[in-house]
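# Working through the structure, step by step
Next come the chains, spelled out residue by residue.
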Amino acid sequence: MIILDGKKISNEIKEEITAEVAAMKERGEKVPHLAAVLVGNDGASLTYVGSKVRSCKKIGFGSTLIHLPEETTEKALLQKIHELNEDDDIDGYIVQLPLPKHINEEKVLMAVDPDKDVDGFHPVNFGKMALDMETFISATPYGIMELLRRYKVDTEGKHAVVIGRSHIVGRPMSILMSQKGEAANCTVTLAHSRTKNMKELTLQADIVVSALGVPHFLKADMVKEGAVIIDVGITRVPDESKERGYYLTGDVDFENVSKKASYITPVPGGVGPMTIAMLLKNTLLARERHGTGK
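A few points on the structure.

Right, let's talk about the overall build of the protein for a bit. Scanning the protein for helices and strands turns up ten helices and eleven strands. Taken over the C-alpha trace, the protein has a radius of gyration of 19 Å; the compact-globule value for 294 residues is 19 Å, and the two agree within 12%. Over its C-alpha atoms, taken along the principal directions, the protein stretches across nearly 55 × 40 × 35 Å. The proportion of buried residues among the 294 residues of the protein is 49%. Of the roughly 14,000 Å² that the protein leaves accessible, carbon and sulfur atoms contribute 52%.

Before going further, it helps to spend a moment on the packing of helix H6 (residues 139-150) against helix H7 (residues 170-178). Interaxial distance between H6 and H7 falls to 9 Å at its minimum, and their mutual angle equals 35 degrees. Here H6 runs over H7; the crossing is right-handed. Along the contact surface, H6 presents Pro141, Ile144, Met145 and Leu148, while H7 presents Pro172, Met173, Leu176 and Met177. Taken together, the residues of the contact of H6 with H7 sort by class into eight nonpolar, no polar and no charged.

This paragraph deals with empty space enclosed by the protein. All told, the structure shown has three cavities of 30 Å³ or more when counted by the stated rule. Here the largest cavity defines a volume of roughly 60 Å³. If you go around the largest cavity, the residues you meet are Tyr93, Ile94, Val95, Leu109, Val112, Asp117, Asp119, Phe121 and His122. Take the lining of the largest cavity: its biggest share by element is three residues, from strand E4 (residues 92-95).

Another point: the sheet that holds strand E6 (residues 187-191). The strands making up a sheet associate through hydrogen bonds between their backbones, and the pairing can be parallel or antiparallel. Read from one edge of the open sheet, six strands run E1-E11-E8-E7-E5-E6, paired in parallel fashion. Sheet topology places strand E1 (2-3) and E6 at the edges, where each strand pairs with a single neighbour. In terms of strand pairing, strand E5 (residues 159-163) meets E6 through five bridges, oriented parallel. Across the sheet, residue Val162 finds its bridge partner in E6, namely Leu190. The sheet strands contacting H7 are E5, E6 and strand E7 (207-210), and the helix crosses E6 at an angle near 170 degrees.

Thresholds, definitions, all that
Residues numbered from 1 in each chain as written. Predicted model: local features only at pLDDT ≥ 70, side-chain atom pairs only at ≥ 80, totals over all residues. Heavy atoms only, no water. Helix = DSSP H or I, 4+ residues; strand = E, 2+ residues; numbered from the N terminus. Rg over C-alpha atoms; globule rule 2.2 N^0.38 Å. Buried < 20%, exposed > 50% of the residue type's maximum accessible area, 1.4 Å probe, protein only. Areas by Shrake-Rupley, 256 points an atom, 1.4 Å probe, with all protein chains shown as cover. Axes fitted to C-alpha atoms, helices over the stretch in contact; angles between N-to-C directions. Left-handed = near helix turned anticlockwise from the far one by under 90°. Contact = heavy atoms within 4.5 Å. Nonpolar A, V, L, I, M, F, W, Y, C, P; charged D, E, K, R; others polar. 1 Å grid on protein atoms, 1.4 Å probe; cavity = no way out; pocket = protein on both sides within 12 Å on 5 of 7 lines; lining within 4 Å. Points joined across faces, edges and corners; volume = space filled by probe spheres on them. Pairing = 2+ DSSP bridges.

What follows is the structure, encoded as structure tokens:
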């Protein structure tokens with residue numbers, strides 16, 4: 001069994017980007033600048049955005065955190081997005097989800113300039129991804145594909161079962177794995193919370209990508225020997241014995257499933273670090289496209 005070490009690979013990617021940024025500086029070019037918009041004080045969002053800002057600083061990117069109060073109106077947020085769209089110094093930006101309930105997420109995401117949408121959530125970028133055109137791929141699926149590539153996991157002709165149908169992970173993952181190319185060429189089944197014969201499907205799978213958000217959902221008796229297991233889920237489980245009052249776990253019963261798997265991602269340290277690394281890679285791509293006028 002081989003651990004798909006997202007922390008290790010994400011550090012390699014960050015080192016590669018750092019070298020590219022240093023070369024940009026030497027040529028006198030503007031370095032990439034990533035902005036993050038955060039509305040409210042959601043704990044997980046604050047942690048995630050803080051991690052992105054620190055990563056930017058470490059690799060030499062410019063970064064801006066726009067932290068707006070919980071009561072910010074939809075109109076005010078849309079105005080801020082308009083300003084970011086028009087700001088030539090900002091190469092890419094993200095609007096951290098979830099947004100407060102009084103703000104329409106769809107309206108906000110539609111307002112983002114697709115050329116600065118480094119999260120890859122805009123329908124223009126999603127459509128280009130589905131058509132296998134160059135675009136910003138949503139960072140979590142992009143990170144999983146990169147992890148499979150760098151570990152040279154054999155995916156050609158394999159049966160992949162993707163659990164979860166969100167627009168952020170499950171659906172793009174199913175599309176990317178079915179396309180031609182490295183770490184792809186799979187026959188893909190997309191399962192979800194309403195799937196009736198889940199165990200029957202996962203037992204057939206050579207590769208299982210679980211993005212359901214249900215702790216320890218995938219048990220050892222649901223996977224076959226030698227399966228590749230990608231755990232996208234990350235849930236805080238209350239535990240008073242822990243210093244923080246909780247522990248992090250994924251969708252997979254790691255202790256038991258890992259005994260049958262050929263490759264498996266840990267939680268934490270698997271898919272999570274890859275998501276941030278690929279967001280940075282998308283921002284570098286945005287800077288390069290910006291510079292060439294594309």
